[in-house]
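Secondary and tertiary structure notes
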Amino acid sequence: MNSTDPLSGYPVHDRPPPPGRGARNEVTARRTALSICTIADVAAGVLILWIVLHLLDANEGNAFVEVVHAAADWLSGWAQDIFTMDTEGLRVVLNYGFPAIIYLLIGHGIAARLNRT
């Protein structure tokens, strides 16, 4: 039976646990890393979905579009109006795309650090 690690793609059963850390702690660290990656990916996905919906002129009166917009506003609240452009589409891409990239970098960076130790 070949089991692979979802984050690195390497077989899990072939590696001995690092010195000073039991197999149970390694599994916990990997699960935590996977959870962090998933949360970062979902956050970035919501932001990117809002960018696409906005650029395609989705009906903002639609319940689904309202929920996505509200979630994207909440996720990117700290980065709103960093970029002030005259073009509305470019402003949305930058003000929602920047937080998406930050979430991905930080989430995957933390996960890589957890997998390394």
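Our subject is the structure listed above.
Residues numbered from 1 in each chain as written. Predicted model: local features only at pLDDT ≥ 70, side-chain atom pairs only at ≥ 80, totals over all residues. Heavy atoms only, no water.

What follows concerns the overall build of the protein chain. Helix and strand counts for the protein chain come out as three helices and zero strands. Helices (α) and strands (β) of the protein chain occur, in sequence order from the N terminus, as α-α-α. Counting the 117 residues in the protein chain, one finds 26% classified as buried. When contacts within the protein chain are restricted to residue pairs at least 6 apart in sequence, those whose partners lie at least 24 apart make up 50%. Per element, the accessible surface of the protein chain, about 7700 Å² overall, is 65% carbon and sulfur. (Helix = DSSP H or I, 4+ residues; strand = E, 2+ residues; numbered from the N terminus. Buried < 20%, exposed > 50% of the residue type's maximum accessible area, 1.4 Å probe, protein only. Contact = heavy atoms within 4.5 Å. Areas by Shrake-Rupley, 256 points an atom, 1.4 Å probe, with all protein chains shown as cover.)

Our focus in this paragraph is helix α2 (residues 63–75). Over its 13 residues, α2 extends 18 Å from the first C-alpha to the last, a length consistent with the 18 Å expected when each residue adds 1.5 Å. Inspection of α2 places V65, V68, A72 and L75 among the buried residues, and these make up the whole buried set. For α2, the angular spread of the buried residues around the axis is 95°, confining them to a single face. Summarising the geometry of α2, the exposed residues directed more than 90 degrees from the buried face are A63, V67 and W74. Between a side-chain oxygen at the N-terminus of α2 and the backbone nitrogen of F64 the separation is 2.7 Å; the capping residue is N62. (Expected span 1.5 Å × (residues − 1). Arc of directions from axis to C-beta. Polar contact = N/O pair within 3.5 Å; in protein donor to acceptor, adjacent residues only side chain to side chain.)

Scanning the model with the defined rule gives two salt bridges in all. A salt bridge links R30 to E26; the nearest nitrogen and oxygen atoms lie 3.5 Å apart. Separated by four residues within a single helix, R30 and E26 lie in helix α1 (residues 23–55), roughly one turn from each other. For R91, the salt bridge is made with E88, and the minimal N-O distance between the two is 2.5 Å. Here R91 pairs with E88, and both are found in helix α3 (residues 88–116), just three residues apart, close to one helical turn. (Salt bridge = Lys/Arg side-chain N within 4 Å of Asp/Glu carboxyl O.)

A word on unusual backbone geometry. Of note, D57 is a non-glycine position whose phi angle comes to about 55°, a positive value. In this fold, D57 is placed in the loop between α1 and α2. D57 sits in the exposed class, given a relative accessible area of 67%. In this structure, D81 takes a positive phi of about 60° despite not being glycine. Residue placement: D81 occurs in the loop between α2 and α3.

What is shown is where atoms sit, not what they do.
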